[in-house]
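The lines below spell out each chain.
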Amino acid sequence: MKSVKFLLYVLLLAFCACAVGLIAVGVGAQLVLSQTIIQGATPGSLLPMVIIAVGAFLFLVAFVGCCGACKENYCLMITFAIFLSLIMLVE
């Protein structure tokens, strides 16, 4: 059981790293677009905000999963499973 818990931590750490990477890419794109686009909001200018929001949601999911695995809390693990199910449905 300890090896399964360790594997879950490793996967959640990778999940967190991907989420932080998405947030960094979104912030970088937002900075570049804010310097190049001067007037008005174009559909392309909303993309960095969507990327940042997705990254924040993924980080929240990874955090809930990590806390649920660490505390072995049934409610947090069910919440984590629901979040993962929602992600699969959106895909």
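See the structure printed just above.
Just so it is clear, the model here is predicted, and its values are computed rather than measured. Residue numbers here run from 1 along each chain, matching the order of that chain's written sequence. The model is predicted, so local features are restricted to residues of pLDDT at least 70 and side-chain atom pairs to those at 80 or more, both for listing and for counting; the totals for chains, interfaces and linings are taken over all residues. Only hydrogens and water are removed before side-chain values are computed, so all heavy atoms of the structure are retained for them.

**Looking at the overall build of the chain**
No. 1: Segments assigned H or I by DSSP are reported as helices when at least four residues long, segments assigned E as strands when at least two residues long, and all are numbered from the N terminus. Broken down by element type, the chain carries 3 helices and 0 strands.
No. 2: Taken against the 2.2 N^0.38 rule, which gives 12 Å for 91 residues, the C-alpha radius of gyration of the chain at 16 Å runs more than 25% over that of a compact globule.
No. 3: The C-alpha extent of the chain, read off along each of the three principal axes, is 55 × 20 × 20 Å.
No. 4: Relative accessibility under 20% of the residue-type maximum defines a buried residue, over 50% an exposed one, and the middle range a partly exposed one, all with a 1.4 Å probe and only protein chains included. Counting the 91 residues in the chain, one finds 19% classified as buried.
No. 5: By the convention used here, residues are in contact when the closest approach between their heavy atoms is within 4.5 Å. In the chain, the proportion of contacts linking residues at least 24 apart, taken out of those at least 6 apart, comes to 62%. Only the C-alpha atoms count toward the radius of gyration. The rule for a globule is 2.2 Å times the residue count to the power 0.38.

**Describing the environment of Phe 83**
No. 1: Mapping Phe 83 onto the fold places it in helix α3 (residues 74-90).
No. 2: With 55 residues separating them in the primary sequence, Phe 83 and Gly 28 have C-alpha atoms 27 Å apart.

**Observations concerning the packing of aromatic side chains**
Here the distance between the centres and the angle between the planes together describe a pair of aromatic rings.
No. 1: Working definition: rings of Phe, Tyr and Trp (its six-membered ring) pair if their centres are within 6.5 Å, and the pair is stacked with planes under 30 degrees apart, edge-to-face with planes over 60 apart, and tilted otherwise. Throughout the structure, instances matching the rule amount to 1 aromatic pair.
No. 2: For the pair Phe 57 and Phe 83, a centre-to-centre distance of 5.4 Å together with 75 degrees between the ring planes defines the contact as edge-to-face. In this pair, Phe 57 is assigned in helix α2 (residues 47-71) and Phe 83 in helix α3, connecting sequence segments 26 residues apart.
No. 3: Judged by its relative accessible area of 31%, Phe 57 falls in the partly exposed class.

**Some details on the state of the cysteines**
No. 1: What counts as a disulfide here is a pair of cysteine sulfur atoms lying within 2.5 Å. Enumeration over the complete set of coordinates arrives at 0 disulfides.
No. 2: Not engaged in a disulfide, the cysteine Cys 16 finds its nearest cysteine sulfur in Cys 66; these two sulfurs lie 6.9 Å apart.
No. 3: Just so you know, Cys 70 is unpaired, no disulfide at all, and the nearest cysteine sulfur is the one on Cys 66, 6.6 Å from it.

**Brief notes about the nonpolar core**
No. 1: Throughout, nonpolar core names a set of buried Ala, Val, Leu, Ile, Met, Phe, Trp, Tyr and Cys residues whose side chains join them through atoms within 4.5 Å. Counting residues in hydrophobic clusters, the biggest one holds 8 residues: Leu 12, Ala 19, Leu 58, Val 61, Val 64, Phe 80, Phe 83 and Ile 87.
No. 2: For this core, the elements supplying multiple residues, two or more each, are α1 (2-36), α2 and α3.
No. 3: Apart from residues no more than four positions distant in its own chain, Ala 19 is found in contact with Gly 55, Leu 58 and Phe 59.

**Here we look at the pattern of salt bridges**
No. 1: We count a salt bridge whenever a side-chain nitrogen from Lys or Arg sits within 4 Å of a carboxyl oxygen from Asp or Glu. Enumeration over the complete set of coordinates arrives at 1 salt bridge.
No. 2: Between Lys 5 and Glu 72 there is a salt bridge; the shortest N-O distance is 2.9 Å. Taken as a pair, Lys 5 in helix α1 and Glu 72 in the loop between α2 and α3 lie far apart in primary sequence, 67 residues in all.

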